[in-house]
Amino acid sequence: MDSLLLSLNINPRSSNPPPLSQGLLPRYNLYKSKNLLLLNKPFSPKPRTSINCSSVSSLTPQLDKSPAQTLVFEEEKEEEEEPLCEIWKEIQGCNDWEGLLDPMNSHLRNEIIRYGEFAQACYDSFDFDPHSKYCGTCKYQGAHFFEKLDMGNCGYNISRYLYATSNINLPNFFQKAKMSSVWSTHANWMGYVAVTTDEEEVKRLGRRDIVIAWRGTVTYLEWISDLKDILHPANFGDDPTIKIESGFHDLYTKKEDACKYCSYSAREQVLAEIKRLTDYYRGEEISITITGHSLGAALAILSAYDIAEMRLNVVRDGECVTNKIPITVYSFAGPRVGNLKFKERCDELGVKVLRVINVQDKVPNVPGIIANEKFQFQKYVEDAMSFPWSYAHVGVELALDHTHSPFLKPTNDMGCAHNLEAHLHLVDGYHGKGRRFCLVNKRDIALVNKCCDFLKTEYGVPPCWRQDENKGMVRNSDGRWVLPERPRLEAHPPDTAHHLEQVLKIARSNNVG
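The structure contained in this document is the topic of the report that follows.

You can see S303 is positioned in helix α9 (residues 295–309). For S303 and W214, which are 89 residues apart along the polypeptide, the C-alpha to C-alpha distance reads 9.9 Å. Each residue touching S303, except ones within four places of it in the same chain, is listed here: W214, Y252 and I290. Engagement of the side chain of S303 in a polar contact is seen with the backbone oxygen of A300, the distance being 3.1 Å.

Right, dumping it as structure tokens:
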């Protein structure tokens, strides 16, 4: 709890909370539904009928045909499934996805891709340009975030943005401008919190969904070399043997008082916002879903553990626990985060993690190359020998292989194997172990080459094709090309301190944090 008692300029004895912010990021018309009807029908995965896929060779493009003729997308022929609103808890992993991965359940496939696109939105909205004074920030205002990314019909609105201090020892991860006049000398935009606000989407999902999406790394993997492979006590609970990689810990917990964007750590921002939203939607069926790719996947698992350890998903009626909000992580190409004790504690807390990996990708194999969950004596070396480099993956693994896709070319570029859009492409074509790869959702294969060079050249999709028109330059009234000023993003909602204090009260009552 000491890690949260940081410069809160509020009176803990005050009974009057600060007024709710009317600013841009914190609210976005987050209205409630009073008439949400949920079905409580038990779910039993149905056996799947055979999949009508053409052979791999038929998916290989013919050079004498147009791309439109050669791109064949097959549809699954299957028995009618229950609607998502009836089985959402199973899809979110309440039974550890038993019977849903092999063969792949169509609802689960859709949800993995949907949450993967929330993570991809962090990349598509991030300013990577070191020649821009806005490098390291989000290109879009929160109110227009999903609209700008052609996701306006997703049914979610941004609740707040997340920031982290770049003054930690991960130099190859953070993006900094090469200019003297910049938006912030200390901060990097790290992702966002969003919530379902469209009532039709709430009904389709069967609950109100709170999403946390963390930014990771697009293609370059230099940040891996920054990891010191040193375990640091998490200090989120009362067990000092629960440890996480020190770089992840610093990124999540450090702050910079001199920077208004980093005056609260990423951890404090997340906990305060989850507390606010769960209070706001109290009485409704709620889920907390966290997603991220690469280093963002590590932050997703870390923040999921933190929320559960701090009991923010526990619904109480006075002193009685009445419910636990399910916490699910959809992790893509993520490294190991903590030691075996960390993994065991996540399991105890009921944190559900589905790790989507490409077996050709090296990132999921680090850290913990020597002692990891595959080593049968890991528990002994960690407990008895206090081995300092023992790591364990959390959750259930969905292992894919990019060599099974007929759309992708052979490559030694590890950035391609690590790419998030490539992972989503593989999910779309995966049906189970030993089953033929064929695309189901007609997801545009051109997305694979958005920021890498992975598609076969026959498809005519240029590599790394996504970029802002004219790199964001516009012609002003004088006919000159200029980079327009962007509206300044709000740093933190003014009620952050109040909700963080509520988190502290829960921590004190449970003697955690």
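This part covers the nonpolar core. Counting 68 residues, the largest nonpolar core has L108, I112, F145, F146 and Y192 as the members making the most contacts within it. Here the element with the most residues in this core is helix α4 (residues 106–124); it accounts for nine residues. Once residues lying within four places of it in the same chain are set aside, the contact partners of F146 are F118, M151, G152, C154, Y156, N157, I158, Y192 and A194. Residues A234, F236, I242 and L312 belong to the second largest nonpolar core, which totals 55 residues.

A few words now on the pairing of strand β10 (residues 352–358). Within β10, seven of the seven residues are buried, leaving the element largely enclosed by the surrounding structure. Because side chains alternate across β10, one face comprises the buried residues K352, L354, V356 and N358, and the other comprises V353, R355 and I357, equally buried. This β-α-β element, strand β9 (residues 327–332) to helix α10 (residues 340–349) to β10, shows right-handed connectivity. Taken together, the five bridges between β10 and strand β11 (residues 396–400) define a ladder with parallel strand orientation. Pairing of R355 across the sheet is with E397, part of β11. After leaving β10, the chain enters helix α11 (residues 378–383) and then returns to the sheet as β11, a path that is right-handed.

Of all the eight residues making up helix α7 (residues 246–253), seven are buried; the element is thus mostly covered by neighbouring parts of the structure. Residues of α7 that are buried include every one of S246, G247, F248, H249, L251, Y252 and T253, and no others. Two or three places before G247, at the opening of α7, E245 has a side-chain oxygen 2.7 Å from that residue's backbone nitrogen.

Glancing now at unusual backbone geometry. Residues D102 and P103 are joined by a peptide bond in cis, for which omega reads 5°. Positionally, P103 belongs in the loop between α3 (84–91) and α4. Cis rather than trans, the peptide bond between V366 and P367 has omega equal to -20°. Locating P367 in the fold gives a position in the loop between β10 and α11. One non-glycine residue, D150, lies in the positive phi region at around 60°. Residue placement: D150 occurs in the loop between α5 (145–148) and β1 (156–165). Judged by its relative accessible area of 73%, D150 falls in the exposed class. The phi dihedral of K442 is positive, around 55°, even though this residue is not glycine.

Examined against the element boundaries, H393 turns out to sit in the loop between α11 and β11. In this structure the side chain of H393 is engaged in a polar contact, spanning 2.7 Å, whose partner is the backbone oxygen of P364. With sequence-adjacent residues up to four places away left out, H393 is seen in contact with G334, P335, R336, K343, R355, P364 and E373.

Looking now at the pairing of strand β2 (residues 187–196). In terms of residue burial, β2 counts as a mostly covered element, since ten of its ten residues are buried. Here nine bridges tie β1 to β2, and the two strands are oriented antiparallel to one another. Following the sheet pairing, T165 is matched in β2 by A187. As paired elements, β2 and strand β3 (residues 208–214) share five bridges and run antiparallel to each other. Bridge pairing in β3 places A194 opposite V211.

Reading guide: rules and limits
Residues numbered from 1 in each chain as written. Predicted model: local features only at pLDDT ≥ 70, side-chain atom pairs only at ≥ 80, totals over all residues. Heavy atoms only, no water. Helix = DSSP H or I, 4+ residues; strand = E, 2+ residues; numbered from the N terminus. Contact = heavy atoms within 4.5 Å. Polar contact = N/O pair within 3.5 Å; in protein donor to acceptor, adjacent residues only side chain to side chain. Core = buried A, V, L, I, M, F, W, Y, C linked by side-chain atoms within 4.5 Å. Buried < 20%, exposed > 50% of the residue type's maximum accessible area, 1.4 Å probe, protein only. Right-handed = clockwise from strand over helix to strand, strands pointing away. Pairing = 2+ DSSP bridges.

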